Amino acid sequence: HRDLPSFPTRRSSDLDLYDFCPRDGVPTRSSRDHDLGVRLSARAVGRRVEFDVEIDNRARDHRLRARFDLAPAPPSFVTETAFGWIERTTGGTHPVAAVSVAPGRGGAPSLALGGAGLHEVERTPDGALVLTLFRAVGFKSRGDLSTRPGHAGYHVETPDAQGLGRLRFRYALALGPDDAAAVRALEPALVPPRALPLAAAPPAERAFLSIEPPSVRLSICKRADDGDGLVLRLVGAARAPVTARLRFHRPIRRAAWSDLDERAGAAIPVDGDTLTVPIAADEVVTLRVS
């Protein structure tokens, strides 16, 4: 990206909780040309830049977005879903679970962009990535939007969804030689480390769980409902099979394939503290480990 993000906003727009509809003749205002009252701080961490944004919102019925101009402009980008990735080749806004990726072209690195709780992104006609920070909305659904016929839900007022008052947002971007490396560089900003005090524990430095390669993403790691070991869910790489290598903080007694109901299936060979798991392209797998 060429510089820090600008913040385009459009006031007096028609929108609800489902769609945004710009009014004809109402231009977009940008922080490059107007003082929108946005306070931004940025810090570089390796190949990642983390942003904190604060605004005292006093306007109704508008949205605020962070715009990142990319060079070269990507013809498409990829958004994360709950279980996998979707390539976006069309215009307009798209939902995203957390991370959007603009693949690198012509020797340029790949870029990953995302933030906790920020679930709408757009690739503009000129190739910029635009991340929605908030939409100030007064109704759950409106029937008078020119971009959508009729209602999308109940016509209920949502005054608290105007988001009046002080709002804070955090998001980040990261660069990498490929898509997987960019996502891996971004992840620490989305899931920050947590420290828990222990009554008695010897000092040590070791990972609870490590997963390779970076194209394999951890969807969930939880204690099994019956208390027997851990349940892990992994999302494979997009459009290509991959073999995941899982290494735990201690030797594994047994491992098995599982399902969403946490039922144990066929056994998986164990090599000390390591599991090797094949995952088909665009596949989601569940494991039980103890």
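Please refer to the structure higher up on the page.
Per-chain numbering applies: the sequence of each chain, read as written, is numbered from 1 onward. Local features are withheld for residues below a pLDDT of 70 in this predicted model, meaning they are given only at 70 or higher, and side-chain atom pairs are given and counted only at 80 or more; totals for whole chains, interfaces and linings count all residues. To obtain the side-chain values, all non-hydrogen atoms of the structure were used and water was disregarded.

**Considering the overall build of the protein**
Helix and strand content of the protein: 1 helix and 22 strands. Referenced to the eigenvectors of the C-alpha coordinate spread, the extents of the protein come out at roughly 65 × 45 × 45 Å. Buried residues are those whose accessible area, probed at 1.4 Å on protein chains only, stays under 20% of the maximum for their type, while exposed residues exceed 50% and partly exposed ones sit between those limits. The 290 residues of the protein split such that 44% are buried. Whether two residues are in contact is decided by their heavy atoms, any of which lying within 4.5 Å being enough. Considering only contacts in the protein between residues 6 or more positions apart, those separated by 24 or more positions represent 65%. Per-residue and other accessible areas follow the Shrake-Rupley method at a 1.4 Å probe size, with only the shown protein chains counted as cover for residues. Entry remark: accessible area of the protein is about 15,800 Å², with carbon and sulfur atoms responsible for 52%. To qualify as a helix, a DSSP run of H or I must reach at least 4 residues; to qualify as a strand, a run of E must reach at least 2; elements of each kind are numbered from the N terminus.

**A word on the nonpolar core**
Take the buried residues of types Ala, Val, Leu, Ile, Met, Phe, Trp, Tyr and Cys, join any two whose side-chain atoms come within 4.5 Å, and each joined set is a nonpolar core. Membership of the largest hydrophobic core comes to 25 residues, with the highest contact counts inside it found for Leu113, Leu133, Phe134, Phe169 and Tyr171. Contributing elements (two or more residues each) for this core: strand S6 (48–57), strand S7 (62–68), strand S12 (110–114), strand S14 (129–136) and strand S15 (165–176). Here the element with the most residues in this core is S14; it accounts for 5 residues. Each residue touching Phe134, except ones within four places of it in the same chain, is listed here: Ile55, Asn57, His62, Arg63, Leu64, Leu167 and Phe169. Judged by nonpolar contacts, the second largest core, of 20 residues, contains Ile211, Leu232, Leu234 and Phe248.

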